Amino acid sequence: SSITNWPNEAVVYILGEVLTDFMLEENMQIVSERFKQALVDFGVDDLQFLPIRAVHQGSGKDVGNYWVLHACQHIEGLDWEYTVWQKTRGDELEKKYPKEIHPFLYIMEPVFVWEKVKDAYVFQLTINGKVHVACPIYISNDLKEYLDQHEVNIGMYFIKVPVH
C-alpha cells in the first residue's frame, strides 16, 4: 500500500563525507537519485519514492536528491518450517515482545517459499498479515546483479536468503 501523508519538507542529516546509494535512518531506507533511476530503468514497479532533503550535519549544505524507498508489495512468503528461529530473547524482551505477536524479532535466518516470491523484484515480508517496522526490503537476485553491473550499490549489504 502507498504512503499518502508524506510531508512536503522531510529532511535527513548526513554525517561524514561519503555519499552512498543506500542509507538506513530510523527504519527508513533512503536511496540516491542514481539508485532510484536504476530501479526505474530495470522496470521495478510497486515502489514509491518519497522525496527527502539530505543535509550535511556539519556544514548545513544540501548534499543532493535522496528518496525514501517504500516497497508497496508485501508478501507473506516466509517458510516457517525452514526458517531458523532464535529460541529466546531473554525474559525482559520476551515479556515485552512475545514471539506469537512479534515473530519477526525472532528470525535468525529467514527462508522464503519460492512460489510466493519468485515473481517479485522488490518486496517487504509480511508475517501474519503485518509488516514489521524494522523489516528490511528484499530484492531479487536479478535486480542485485543489475545493481552490481551498473555499480549502483554503494552503502548496500546483501545477504542471500534461501528459498524452498
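About the cut-offs
Residues numbered from 1 in each chain as written. Predicted model: local features only at pLDDT ≥ 70, side-chain atom pairs only at ≥ 80, totals over all residues. Heavy atoms only, no water. Helix = DSSP H or I, 4+ residues; strand = E, 2+ residues; numbered from the N terminus. Buried < 20%, exposed > 50% of the residue type's maximum accessible area, 1.4 Å probe, protein only. Phe/Tyr/Trp six-rings, centres within 6.5 Å; stacked < 30°, edge-to-face > 60°. Lys NZ or Arg CZ within 6 Å of the ring centre and 35° of its normal.

Description of the overall build of the protein
So, step 1. Each helix and strand in the protein was counted, giving four helices and ten strands.
So, step 2. Along the protein, helices and strands appear, N-terminal first, in the series β-β-β-α-β-β-β-β-α-β-α-β-β-α.
So, step 3. Counting only C-alpha atoms and orienting by the principal axes, one finds that the protein spans roughly 50 × 35 × 30 Å.
So, step 4. Per-residue burial for the protein yields a buried fraction of 38% across its 164 residues.

Concerning the packing of aromatic side chains
Geometry of an aromatic ring pair is reported as the spacing of the ring centres plus the angle between the planes.
So, step 1. Per the counting criterion, the structure on display carries six aromatic pairs.
So, step 2. Members of the aromatic cluster, joined through ring pairs, are Phe42, Tyr121 and Tyr146.
So, step 3. Lys36 extends its terminal NZ or CZ atom over the ring of Trp67, reaching a point 3.8 Å from the ring centre.

Structural notes on the environment of Ile159
So, step 1. Locating Ile159 in the fold gives a position in the segment after α4 (141-149).
So, step 2. Look at Ile159 and you get exposed, because its relative accessible area is 62%.
So, step 3. Sequence spacing of Ile159 and Gly64 is 95 residues, and the spatial spacing of their C-alpha atoms is 28 Å.

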